[in-house]
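What follows is each chain in one-letter form.
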Amino acid sequence: MAGIVAWINTRPGMVIEQERAHHIDKMASALAHRGGGQWGAWTSEQAGLAQLPGSVYQTQYQGHTYAVVCDGLLTNAELILAAYLETGEKCTELLEGSFAFILWDGAQRRAFAARDAFGSRPLFYAPIDDGNGVLLASELKGLFAHPQCVPALTADGLREVLSIGPGRTPGNGVFTGVHEIPPGGCLRIDEGGPQKRHWYHLQSKEHTGTFEETVEHTRSLLLRAIQRQWSADNEACALLSGGLDSSVITAVASGLTRERLATYSFDYVGNAEFFQASSFQPEQDAPYVDKVRAHCDTDHQVLLCDNQELTDALLPAMHARDLPGMADVDASLLCFCKRLAGEQRISLSGECADEIFGGYPWFYREEFLSAPTFPWNTDPSARMRILHQGLAGDLGLEDHARARYEAMLAQVPHLPGEAASEARRREIAYMNLYGFMATLLERSDRMSASAGLEIRTPFCDRSLIEYVFNVPWAFKAPNGEPKGLLRAAAKGLLPQEILHRRKSPFPKTHNPHYETLVQARVRDLLAKPTAPVRPLLDVPTVKSLCGKHADYGKPWFGQLMAGPQLLAWILQLNGWMEMYRLSF
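Residues numbered from 1 in each chain as written. Predicted model: local features only at pLDDT ≥ 70, side-chain atom pairs only at ≥ 80, totals over all residues. Heavy atoms only, no water.

Caption draft 1: Representation of the sheet that holds strand β14 (residues 262–268) in the model. Taken together, the five strands give an open sheet; going across it, the order is β15-β14-β13-β16-β17, and neighbouring strands pair in parallel fashion. Both edges of this open sheet fall to β15 (299–305) and β17 (454–456), since each of them pairs with a single strand only. Each strand of the sheet is rotated relative to its neighbour by a mean of 30°, with strand direction disregarded. In the sheet, strand β16 (residues 346–348) pairs with β17 via three bridges, with the strands oriented parallel. In the sheet register, Ile346 faces β17, and the bridge partner there is Glu454. (Pairing = 2+ DSSP bridges. Helix = DSSP H or I, 4+ residues; strand = E, 2+ residues; numbered from the N terminus. Axes fitted to C-alpha atoms, helices over the stretch in contact; angles between N-to-C directions.)

So, in structure tokens, the structure goes:
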């Protein structure tokens, strides 16, 4: 994990170098949490770059200066520059792993920036200086540390937050004039201004091979992906939930370490007493964690969080993301990472496996498969009813969500002649990779970075994703078993009861005291006439929700965000508007 920033000017002499260095330092300082507070910077007549931690890699080649900063597993920046000098902007095709980088080309007097194929590392940008300059940063707060980039919100930005949040359209920076380099995207900055394009497009291909051959190749790719992200200096630990995904990583990683692998799980104080099974969260994790810990002989710790700490973490989690996020789903991970950062520097996570192997209910339940919208966001009624009467219609929120869905659907690389059911699952898989997975990767990156921890996601591997994306559903879910391909590929690594355990998502608190704490804060918020979120809300409806102790039905986003999370999201929305002085 690292933080990178840059200020590029396309015309010489626009900014004195001393001024550029001053603002580059301020931008880097805003991202100090991503690199332990130490950074290196480099400036010239047209460019300024900084990286946290470490230093800017720079060199002279044929009389010209080149400089590069990088966030990700490509820690050897010299590799990026060598690839660029050999192939130019096609260098991205030669790079494997997770990365976001910014490169200054002194010969061409231009900059080039890019993200990896599936966006596991972040990168935002904003044009300034009347279009003659561009700021870049790993996080939005890095851009806002520059005086010319002032956070503001238009109707389009508000539509994005209220209609599909905490998801986000790839490339949409929400704030006025702010953009994201999308997954698999790159940006050239020269005298013509910033020019964005995709260097990578996921391709649909005819799958060949038997089920047995598919299992064997998947296993090979999976083992390679985990080995690639394992820390060679033996410093990494594993996040172990007792589910299939984290257990596979734990089993493989425990065979790579010279010592007992350190593993960690997360839970809430007293949660077992109040747990209630549901179709989204069928059982508790603890018994399965114990089985995997014993099977792999790991050095395991359970890290606990109480309801007060979880509630207090809602606004810090929003600040880490720079946007209203997944409420206590974000806050709980932030609490986990803060605990973990006191003992570890690098951790491996099972994130992304469900998007790749088809583990979510919306891959196989008809009500989700046939829904004409994002399958993790099928019921807009919960979020719409808390809004001020008429606001949803005036803003066109449902139209915005539908347009975003149709735009992503139009990008799906269909395979000619494919059966309708297979084509639909290809659409679902594609939208998960570039929609839901992007939201979870953002959550993982921001919460861990805010705590000073690096989380690596071996399942988010380009070769593995490209292969499994084209595997037919009958192979992905043999005999109707979700993620059956992954289970078959992991055979022999884990006990049968772990291999065939039903999916259970990241734990959330079931203690009603958490809901009571959140409700109290929302009531206090509603009592403040100057609260910036108040004009957006239907106050009587929100007040009525504060008097109930229930999950208020099925999730309104993903698998975990139901009634209590809706109230917590209102707190984050208001905190976000306060922090950036936003109004509408």
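Caption draft 2: Focus on empty space enclosed by the protein. Throughout the structure, instances matching the rule amount to eight cavities of 30 Å³ or more. Sorting elements by how many residues they give to the lining of the largest cavity places helix α17 (residues 420–451) first, with seven residues. Across the lining of the largest cavity, the residue classes break down as seven nonpolar, four polar and eight charged. (1 Å grid on protein atoms, 1.4 Å probe; cavity = no way out; pocket = protein on both sides within 12 Å on 5 of 7 lines; lining within 4 Å. Points joined across faces, edges and corners; volume = space filled by probe spheres on them. Nonpolar A, V, L, I, M, F, W, Y, C, P; charged D, E, K, R; others polar.)

Caption draft 3: Region of the structure containing the environment of Val539. In this structure, Val539 sits in helix α23 (residues 539–545). The spacing of Val539 and Asn172 is 367 residues in sequence and 29 Å in space, taken between C-alpha atoms. Among all residues touching Val539, those that are not within four sequence positions of it are Leu526 and Arg534. (Contact = heavy atoms within 4.5 Å.)

Caption draft 4: Region of the structure containing helix α24 (residues 563–579). Its 17 residues place the ends of α24 25 Å apart at the C-alpha level, agreeing with the 24 Å of an ideal helix rising 1.5 Å per residue. α24 sits mainly inside the fold: 15 of its 17 residues count as buried. The first or second residue beyond α24 is Arg581, which carries a positive phi of 55°. (Expected span 1.5 Å × (residues − 1). Buried < 20%, exposed > 50% of the residue type's maximum accessible area, 1.4 Å probe, protein only.)

Caption draft 5: Just the pairing of strand β13 (residues 236–239), in detail. Residues Ala236 and Ala238 point to one face of β13 and Cys237 and Leu239 to the other, with burial holding for every one of them. Sheet topology places β13 next to β16; three bridges connect them, and they run parallel. In the sheet register, Ala238 faces β16, and the bridge partner there is Leu348. As defined by bridge partners, β13 adjoins β14 across two bridges and the pair is classed as parallel. Considered in β14, the bridge of Leu239 is made with Tyr264.

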